[in-house]
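Given next are the chains, with one letter for each unit.
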Amino acid sequence: MADVSDVRHVLVLPDREAAEAVAEELGERFGVDDEEPRLVRDALAGEDDAEDAQWLVVLRDERRRLDPGALDEFAAEWEGWREEP
């Protein structure tokens, strides 16, 4: 039986607009059409203003075909970063 693990990449973006653009372009740039990215709002601890929330783009990569370094560079284009698992 093959060893299958649930690998996820989490890209942290400064706002919803950037997160939506990243989610859309992931398919075009990395060919992830079969793994739909999920957008998640992440309110920072102690933040009162909803505008100060970060947005996460969560992407499953069970086949481990996405290069973490390329995802780091990609997220940086929108002033974001990739969280290490």
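Undergrad: Hey, could you go over helix H1 (residues 16–30) for me, with residue numbers and the actual values?
TA: Taking 1.5 Å per residue as the helical rise, H1 with its 15 residues ought to reach 21 Å, and the 21 Å between its terminal C-alpha atoms agrees with that figure. Every buried residue belonging to H1 is among Ala18, Ala19, Val22, Ala23, Leu26, Gly27 and Phe30, and all of these are buried. Residues of H1 that are buried make contact with strand S1 (8–13), strand S2 (38–42), strand S3 (54–60) and helix H2 (68–76). The residue sitting at the N-terminus of H1 and contributing the capping side-chain oxygen is Asp15; that oxygen lies 3.3 Å from the backbone nitrogen of Glu17. Looking one or two residues past H1, Gly31 carries a phi angle of roughly 65°, positive in sign.

Undergrad: Kindly report on the environment of Ala53, identifying the contributing residues and their values.
TA: Note on placement: Ala53 falls in the loop between S2 and S3. Residues Ala53 and Asp15 lie 38 residues apart in sequence; the distance between their C-alpha atoms is 7.1 Å. If we ignore the near neighbours within four places in the chain, the residues touching Ala53 are Pro14, Arg41, Asp42 and Ala43.

Definitions and limits used
- Residues numbered from 1 in each chain as written.
- Predicted model: local features only at pLDDT ≥ 70, side-chain atom pairs only at ≥ 80, totals over all residues.
- Heavy atoms only, no water.
- Helix = DSSP H or I, 4+ residues; strand = E, 2+ residues; numbered from the N terminus.
- Expected span 1.5 Å × (residues − 1).
- Buried < 20%, exposed > 50% of the residue type's maximum accessible area, 1.4 Å probe, protein only.
- Contact = heavy atoms within 4.5 Å.
- Polar contact = N/O pair within 3.5 Å; in protein donor to acceptor, adjacent residues only side chain to side chain.

That's the geometry; what it means functionally is another story.
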